[in-house]
Amino acid sequence: MTTITTPITVRVPAKVNVQLAVGAARPDGFHDLANVFLAVGLYDEVTATPADTLRITAEGHDVDRIPLDRTNLAARAAELLAARHGIEPHVHLHIRKDIPVAGGMAGGSADAAAALLACDTLWSTGASRDELLDICAELGSDVPFSLVGGAALGRGRGELLTPLPVGGTFHWVFAVADGGLSTPAVYGEFDRLTAGTEVPEPEAAPELLAALEAGDATALAAALANDLQPAALSLRPSLTATLEAGTAAGALAALVSGSGPTTAFLVKDAESAGEVAAALLASGTCRQVRVADSPAVGARVL
Ligand code: C5P
């Protein structure tokens with residue numbers, strides 16, 4: 001194994017869940033999902049450089065809210081890969097954050113996938129794609145998708161991926177809320193809201209998959225669905241006003257992104273994206289707006 005001495009930078013996209021069908025809680029506490037992931041063109045970058053010890057630094061929006069110790073998922077990615085290959089995880093990982101922190105857009109998972117690919121390249125471990133995907137699944141339910149990108153159906157707890165065809169470009173506006181939402185807390189609220197009811201088996205909607213494949217934004221808008229949305233709105237009722245502001249401004253559809261609190265607005269074209277973004281900002285119902293297209297490629301060495 002030869003360690004490369006030049007820094008390796010990996011760019012990795014955010015995601016939105018165009019469908020998040022959630023089943024009942026399993027004995028292990030996770031929920032079976034039919035999770036239709038779509039990668040969107042908002043990116044973090046992780047640069048890996050050889051170092052005397054494992055060290056993490058970060059720059060960008062809200063980086064004061066991410067841990068810079070070994071609890072950061074990017075550090076755990078380096079440790080897991082190093083342990084499997086019998087080497088020390090001596091690397092400096094620098095994270096340039098552009099994906100909203102704790103926003104339901106898989107920013108932490110993206111950084112983990114990027115760190116894994118960057119370290120794998122730096123250390124020339126020769127790990128297969130399947131081994132990398134295995135490590136991703138160990139790190140978290142959304143991490144394999146961050147590596148793969150594009151669009152995919154995630155079964156199990158979201159880690160068992162089947163790539164999906166996408167027949168065109170979809171345009172999005174994202175409204176970033178104040179503060180984050182904890183994913184376990186949102187799943188816990190889902191359990192509380194569905195207690196005593198029969199939670200159906202999660203299934204991907206055929207009309208949603210057809211809309212993706214056709215690149216048909218109007219059909220996709222009609223099929224967008226997030227079973228975690230009632231839970232996210234219950235924990236953060238102010239998001240209702242954000243969803244309404246974007247819809248009133250002409251978005252084709254609005255939904256909470258994953259476990260939130262970022263809200264996602266599907267729009268018909270780039271011009272409409274600009275209008276909806278301006279209206280959302282003017283509404284005062286969010287802290288920041290971002291415009292992005294999908295699909296986007298997964299983690300890539302630059
Ligand atoms: O897999 P990950 O570490 O991202 O999951 C974070 C938390 O989200 C889990 O501890 C669990 O509470 C919840 N979760 C879940 N079912 C899933 C994925 C996540 O309940 N399929």
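Remember, predicted model here, so these are calculated numbers, not experimental data. (Residues numbered from 1 in each chain as written. Predicted model: local features only at pLDDT ≥ 70, side-chain atom pairs only at ≥ 80, totals over all residues. Heavy atoms only, no water.)

### A short note on the domain arrangement of the protein
As a measure of interface size, the accessible area lost when the parts come together is often cited. Here is the rule: Here the bounds of each domain stem from an automatic or database domain assignment. Note: buried area is the sum, over both parts, of the accessible area (probe 1.4 Å) each one loses when the two are combined. Whenever Lys or Arg places a side-chain nitrogen within 4 Å of a carboxyl oxygen from Asp or Glu, that contact is recorded as a salt bridge. Residues adjacent in sequence count toward polar contacts only when both atoms are side-chain atoms; beyond that, a polar contact is any pair of N or O atoms within 3.5 Å, and within protein one must be able to donate a hydrogen and the other to accept it. For helices the rule is a DSSP run of H or I covering at least 4 residues; for strands it is a run of E covering at least 2, with both sets numbered from the N terminus onward.
By domain assignment, the protein separates into domain 1 (8-164 + 297-301) and domain 2 (170-294). Its C-alpha centre places domain 1 at a distance of 22 Å from the equivalent point of domain 2. Buried surface at the junction of domain 1 and domain 2, summed over both partners, amounts to about 2800 Å²; 61% is from carbon and sulfur atoms. For the pair domain 1 and domain 2, the number of links is three salt bridges. Two residues, R290 and D98, come together in a salt bridge whose shortest N-O distance is 2.8 Å. The tally of links from domain 1 across to domain 2 stands at 17 residue pairs in polar contact (both at pLDDT 80 or more). The set of elements that each furnish at least two residues to the side of domain 1 that touches domain 2 consists of β1 (8-25), β2 (31-50) and β5 (151-155).

### Quick look at empty space enclosed by the protein
Formally: Cavities and pockets are defined on a 1 Å grid built over the protein atoms alone: a cavity is a set of grid points where a 1.4 Å probe fits but cannot escape, while a pocket is an open set with protein on both sides within 12 Å along at least five of seven lines, and lining residues are those with an atom within 4 Å of any such point. Grid points are joined across faces, edges and corners, and a volume is the space filled by probe spheres set on the points. Polar here means any residue outside two lists: the nonpolar Ala, Val, Leu, Ile, Met, Phe, Trp, Tyr, Cys and Pro, and the charged Asp, Glu, Lys and Arg; Gly therefore counts as polar.
Considering all chains together, one arrives at two cavities of 30 Å³ or more under this definition. The space that makes up the largest cavity amounts to roughly 50 Å³. Lining the largest cavity we find H61, D62, D98, I99, P100, V101, V176, Q288 and R290. Here the lining of the largest cavity is built from residues that sort into four nonpolar, two polar and three charged. Taken together, the residues of the lining of the second largest cavity sort by class into six nonpolar, three polar and two charged. Looking at the lining of the second largest cavity, you find at least three residues from each of domain 1 (8-164 + 297-301) and domain 2 (170-294).

### Comments concerning the layout of surface pockets
Taken as a whole, the largest pocket spans an internal volume of roughly 1000 Å³. Lining the largest pocket are 41 residues, and of these L73, S109, D142, T183 and P184 sit closest to its centre. Going through the elements one at a time, β1, β2, α2 (107-122) and α5 (183-194) are the ones with two or more residues in the lining of the largest pocket. Partitioned by chemical class, the residues of the lining of the largest pocket number 17 nonpolar, 18 polar and six charged. If you count residues domain by domain, the lining of the largest pocket takes at least three from each of domain 1 (8-164 + 297-301) and domain 2 (170-294).

### So, helix α1 (residues 73-84)
We count it as follows: Given the number of residues in a helix, its expected span is that number minus one, multiplied by 1.5 Å. Per-residue accessibility, obtained with a 1.4 Å probe over protein chains only, is compared with the maximum for each type, and a residue is labelled buried under 20%, exposed over 50%, and partly exposed between these values. Whether two residues are in contact is decided by their heavy atoms, any of which lying within 4.5 Å being enough.
Its 12 residues give α1 an end-to-end C-alpha distance of 17 Å, which sits within 8% of 16 Å, the value for a rise of 1.5 Å per residue. Within α1, the full set of buried residues consists of L73, A74, A75, A77, A78, L81 and A82. Those residues of α1 that are buried are in contact with β3 (55-60), β4 (91-97), α2, α3 (129-139) and α4 (143-148). One side-chain oxygen of the residue at the start of α1 lies 2.8 Å from the amide nitrogen of A74, identifying that residue as N72. G86, located one to two residues past α1, shows a positive phi value of around 65°.

### Side note on the site of the ligand
Short version of the rule: Summary of the distance rule: residues count as near a molecule or strand when at least one heavy atom falls within 4 Å of that molecule or strand. Think of it this way: a molecule belongs to a cavity or pocket when more than half its atoms come within 2 Å of the grid points there.
With respect to spatial proximity, the complete set of residues near the ligand consists of G29, F30, H31, L33, G140, S141, R157, T183, P184 and Y187. H31 places a side-chain nitrogen or oxygen 2.7 Å from an oxygen atom of the ligand. Here R157 contributes a backbone N or O atom positioned 3.0 Å from a nitrogen atom of the ligand. In this structure, the ligand is accommodated by the largest pocket. At the level of secondary structure, the elements contributing two or more residues to the shell around the ligand comprise β2 and α5.

### With respect to the UniProt feature "binding site: ATP" (unreviewed entry) in the protein
Inclusion rule: UniProt positions are given in the numbering used here, feature names are shortened, and annotations may be inferred rather than shown by experiment.
Following the UniProt record, the feature "binding site: ATP" (unreviewed entry) maps to P100, V101, A102, G103, G104, M105, A106, G107, G108, S109 and A110 here. As for the annotated residues named above, the ones lining the largest cavity are P100 and V101. Secondary-structure assignment places P100 in the loop between β4 and α2. Classification of P100 by relative accessible area gives buried; the value is 10%. Excluding its chain neighbours within four sequence positions, the residues that come into contact with P100 are L42, M105, V176 and T262.

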